[in-house]
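Geometric and topological summary
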Amino acid sequence: VKGRKEFTLFSPKYSENLYEGHIREARFRYNESARTLSRTELLESTSMVNSPVDIDKPDFSRYPKFKQVAERAMTCVVNEGDV
């Protein structure tokens, strides 16, 4: 780790309160001569999960369930040299 990294962790049991959405995985093909990248297939599996909630400035009127999760969030700081 270089520098300082801060992570905010949430329990998976509160995932509904994070308003999470899943991004489906895709396969791509690169055409070297045309220098283009195109999606060839959209898979059923999801590798990325995202949330529309800004955890630094949450809008509780728009995402009221997030308030319950925000109170239970765990923050972890990793500094350079930490193992």
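Below, the structure is looked at part by part. Model, not experiment: these values are computed from the prediction.

Observations regarding the nonpolar core
Counting five residues, the largest nonpolar core is built from Leu 18, Val 53, Tyr 63, Phe 66 and Val 69. For Phe 66, the contacting residues outside a window of four places in its chain are Phe 10, Asn 17, Leu 18, Tyr 19, Val 53, Ile 55, Pro 58 and Phe 60.

Some remarks on the packing of aromatic side chains
Taken as a whole and judged by the stated rule, the model has three aromatic pairs. Ring centres of Phe 60 and Phe 66 lie 6.3 Å apart, and the angle between their planes is 20°; this geometry places the pair in the stacked category. For Phe 60, a relative accessible area of 32% puts it in the partly exposed group. Above the ring of Phe 60, the side-chain terminus of Lys 67 is found at 5.2 Å from the ring centroid.

Regarding unusual backbone geometry
Positive phi, normally seen in glycine, also occurs at Tyr 19, with a value near 55°. Mapped onto the secondary structure, Tyr 19 falls in the loop between β1 (4-9) and β2 (21-31). Phi is positive for Arg 35, which is not a glycine, with a value near 55°. On the secondary structure map, Arg 35 appears in the loop between β2 and β3 (36-50).

A word on the environment of Leu 37
Residue placement: Leu 37 occurs in strand β3. For Leu 37, a relative accessible area of 60% translates into the label exposed. Those residues in contact with Leu 37 that sit more than four places away from it in its chain are Phe 28, Arg 29 and Tyr 30.

A short note on the pattern of salt bridges
Scanning the entire structure with this criterion turns up three salt bridges. Linking Glu 6 and Arg 4 is a salt bridge whose minimum nitrogen-to-oxygen distance equals 3.4 Å. Judged by its relative accessible area of 51%, Arg 4 falls in the exposed class. Where Lys 65 meets Glu 16, a salt bridge forms, and the shortest distance between an N and an O atom there is 2.9 Å. Of the two residues, Lys 65 sits in the loop between β3 and α1 (66-70) while Glu 16 sits in the loop between β1 and β2, which places them 49 residues apart along the sequence. Using a relative accessible area of 56% as the deciding quantity, one classes Glu 16 as exposed.

About the cut-offs
- Residues numbered from 1 in each chain as written.
- Predicted model: local features only at pLDDT ≥ 70, side-chain atom pairs only at ≥ 80, totals over all residues.
- Heavy atoms only, no water.
- Core = buried A, V, L, I, M, F, W, Y, C linked by side-chain atoms within 4.5 Å.
- Buried < 20%, exposed > 50% of the residue type's maximum accessible area, 1.4 Å probe, protein only.
- Contact = heavy atoms within 4.5 Å.
- Phe/Tyr/Trp six-rings, centres within 6.5 Å; stacked < 30°, edge-to-face > 60°.
- Lys NZ or Arg CZ within 6 Å of the ring centre and 35° of its normal.
- Helix = DSSP H or I, 4+ residues; strand = E, 2+ residues; numbered from the N terminus.
- Salt bridge = Lys/Arg side-chain N within 4 Å of Asp/Glu carboxyl O.

Taken by themselves, the reported measurements are silent on function.
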